[in-house]
Amino acid sequence: MITRNIKYIGVNDHKIDLFEGQYIVPNGMAYNSYAIIDEKIAIMDSVDAAFGEEWFLNIEKALEGRSPDYLIVSHMEPDHSANIFNFANKYKGAKIVASQKAFTMCKNFFGTDFADRQIAVGEGDTLNLGQHTLTFITAPMVHWPEVIMTYDSTDKVLFSADAFGKFGALDVDEDWVCEARRYYIGIVGKYGAQVQAVLKKAAKLEIEKICPLHGPVLSENLGFYIDLYNTWSSYQPEEEGIMIAYTSVYGNTKKAVELLKSKLLEKGAVKVVVNDLARCDMAEAVEDAFRYSKLVLATTTYNNDIFPFMREFINHLTERGFKNRKIGIIENGSWVPNAAKVMKGMLEKSINLTFAENEVKILSAMNEDNKGQISALADELIK
């Protein structure tokens, strides 16, 4: 029960191993759906195809013999839309409420846009259920173009689509921030400007609860969550700290990274996080790069380029609009070190990146000069 008239009818998925085919989700996923029960009944979104039967049982239990009047479609990704067609077949009197772009996508997914049953809505349109009046808020590219959010002015609830979601099923107790950050940066991170636009709309609303399509309903200290979204979507560091991302073929670059970490801690760095890009969860490494204020890239020259895991990592950063950070560079090469040039080239279109003056250039194995360079880089990074 979310409020007296709003019930949770979503499902937990513990069968999934990779969300969107790429994000490791050891604690599964939640596909959230809600029922607003009034004179008219609105169902908020469907669930993943594998959980249709459970979802329909949840609807029947929540409605206690009544039938829904509307299915409101916030977002057309299949983890939320897969059962729209089944819903339409089961509840033939119900209308489908969505943006016009969502109906175009329905045609693509299901071969029909439900022309005889559709209610296309846009910014500021309303739907009256009786006591509850729903107002629709367009949220294009947060993170698909058809997305709408819904505000219930009676219970002061914002149905936020994928915004304010997180990885993890609802029957698992885990820290919200870590998995919400990884979710946001991985999935929504490219669209910071669009998130900022929606946050400005939300600031005009009196919100007491946020109901996302993934993760728990948020009902306490909403300013905390909104402030985090403002930080993430404006590409500002969430906290002071230094993240070191590295690859190492035979261990020599790793030794340099370990020395840098020890020097940073000796010199008073409060937070130093190290990620071996060949072995860590890449999404976690990307999350850390956005979380902290400074980033060190350490890799080998490889085929006159850079080691593949480092290239992948930097691609993830630039794809998501990485900016507003200080960057340190450690490169290694046996005959023609080229890694620093390649990495800077990959980042040249990124906004407001400052590169440390003290670079470290290793020729195969670390020597005394390199140790001095690493100490100087540590000094610069903790200023």
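Just so it is clear, the model here is predicted, and its values are computed rather than measured.

*Asks:* Tell me what's going on with helix H9 (residues 282-291), and back it up with residues and numbers.
*Replies:* Across the 10 residues of H9, eight count as buried, placing the element largely inside the fold. Among the residues of H9, those classed as buried are Met282, Ala283, Ala285, Val286, Glu287, Asp288, Ala289 and Phe290. For H9, the capping residue at the N-terminal end is Asp281, with a side-chain oxygen 3.0 Å from the backbone nitrogen of Ala283.

*Asks:* Tell me what's going on with unusual backbone geometry, and back it up with residues and numbers.
*Replies:* The omega torsion across Val142 and His143 is 10°, close enough to zero to call that bond cis. By secondary structure assignment, the location of His143 is in the loop between strand E12 (133-138) and strand E13 (148-152). A positive phi angle, close to 55°, is found at Ala161, a residue other than glycine. Examined against the element boundaries, Ala161 turns out to sit in the loop between strand E14 (157-159) and helix H5 (176-188).

*Asks:* Lay out empty space enclosed by the protein in plain terms, naming residues and giving numbers.
*Replies:* Counting across every chain of the model gives two cavities of 30 Å³ or more. One number sums up the size of the largest cavity: a volume of about 80 Å³. Around the largest cavity sit 13 residues that line it, and Met149, Ala163, Phe164, Val198 and Leu199 are the ones nearest its centre. For the lining of the largest cavity, the secondary-structure elements that each account for two or more residues are helix H6 (192-202) and helix H7 (222-233). Sort the elements by how many residues they give to the lining of the largest cavity and H6 lands first, with four residues. Of the pockets and cavities examined, the second largest cavity occupies roughly 40 Å³. Ile185, Thr231, Trp232, Tyr235, Gln236, Phe290 and Arg325 are the residues that line the second largest cavity. Of the residues that constitute the lining of the second largest cavity, the class distribution is four nonpolar, two polar and one charged.

*Asks:* Before we move on, can you summarise a nonpolar patch on the surface with the specific residues and values?
*Replies:* A cluster of nonpolar side chains, namely Val249, Tyr250 and Tyr302, defines an oily patch on the protein surface of about 360 Å² accessible area. Here Tyr302 lies in strand E18 (residues 292-302). Tyr302 gets classed as partly exposed once you look at its relative accessible area, which sits at 35%.

*Asks:* Just give me the short version of the packing of aromatic side chains, but keep the residues and values in it.
*Replies:* Centre-to-centre distance and the angle between the planes together describe a pair of aromatic rings. A full pass over the atoms with the stated rule returns 24 aromatic pairs. Between Trp55 and Phe87 the ring centres are 6.0 Å apart and the planes differ by 35°, which places this aromatic pair in the tilted class. On the criterion of sequence distance, the pair formed by Trp55 in helix H1 (residues 52-63) and Phe87 in helix H3 (residues 84-90) is long-range, its members being 32 residues apart. Neither residue differs from the other here; Trp55 and Phe87 are each classed as buried.

*Asks:* Can you break down the sheet that holds E12 residue by residue, with the values?
*Replies:* With respect to topology, five strands assemble into an open sheet ordered E11-E12-E13-E14-E15, the strand pairing being mixed. Strand pairing shows two members of the sheet lacking a second neighbour, strand E11 (126-128) and strand E15 (209-211), which therefore form its edges. Taken over all neighbouring pairs, the strand axes of this sheet differ in orientation by 20° on average, direction set aside. With three bridges joining them, E11 and E12 adopt antiparallel strand pairing.

*Asks:* How would you sum up the packing of helix H10 (residues 308-319) against helix H11 (residues 339-346)? Please name residues and give values.
*Replies:* Contact geometry for H10 and H11: axes closest at 10 Å, N-to-C directions at 20°. Judged by the angle between their axes, H10 and H11 are roughly parallel. The two elements H10 and H11 cross, and the hand of that crossing is right-handed. Contact residues: H10 offers Met310, Arg311, Ile314, Asn315 and Thr318, while H11 offers Val342, Met343 and Met346. When grouped by side-chain class, the residues that make up the contact of H10 with H11 number five nonpolar, two polar and one charged.

*Asks:* Pulling in residues and values, what's your account of the side chain of His143?
*Replies:* Assessed through its relative accessible area of 6%, His143 is described here as buried. A distance of 3.0 Å separates polar atoms of two side chains, one belonging to His143 and the other to Asp162. Dropping the residues within four chain positions of it, His143 is found in contact with Glu20, His75, Glu77, Asp162, Ile187, Val188 and Tyr191.

*Asks:* Talk me through the packing of H6 against H7; I want residue IDs and the actual numbers.
*Replies:* Between H6 and H7, whose axes approach to 9 Å, the crossing angle comes to 145°. Like other packed secondary-structure pairs, H6 and H7 cross with a definite hand, here left-handed. Each of Gly192, Ala193, Val195, Gln196 and Leu199 in H6 lies in contact with H7, whose residues at this interface are Ile226, Tyr229, Asn230 and Ser233. Considered class by class, the residues forming the contact of H6 with H7 number five nonpolar, four polar and no charged.

Cut-offs applied
Residues numbered from 1 in each chain as written. Predicted model: local features only at pLDDT ≥ 70, side-chain atom pairs only at ≥ 80, totals over all residues. Heavy atoms only, no water. Buried < 20%, exposed > 50% of the residue type's maximum accessible area, 1.4 Å probe, protein only. Helix = DSSP H or I, 4+ residues; strand = E, 2+ residues; numbered from the N terminus. Polar contact = N/O pair within 3.5 Å; in protein donor to acceptor, adjacent residues only side chain to side chain. 1 Å grid on protein atoms, 1.4 Å probe; cavity = no way out; pocket = protein on both sides within 12 Å on 5 of 7 lines; lining within 4 Å. Points joined across faces, edges and corners; volume = space filled by probe spheres on them. Nonpolar A, V, L, I, M, F, W, Y, C, P; charged D, E, K, R; others polar. Patch = residues over 30% accessible without salt bridge, like charges linked within 9 Å, V, L, I, M, F, W, Y side chains within 5 Å. Areas by Shrake-Rupley, 256 points an atom, 1.4 Å probe, with all protein chains shown as cover. Salt bridge = Lys/Arg side-chain N within 4 Å of Asp/Glu carboxyl O. Phe/Tyr/Trp six-rings, centres within 6.5 Å; stacked < 30°, edge-to-face > 60°. Pairing = 2+ DSSP bridges. Axes fitted to C-alpha atoms, helices over the stretch in contact; angles between N-to-C directions. Parallel < 35°, antiparallel > 145°, perpendicular 65-115°, else oblique. Left-handed = near helix turned anticlockwise from the far one by under 90°. Contact = heavy atoms within 4.5 Å.

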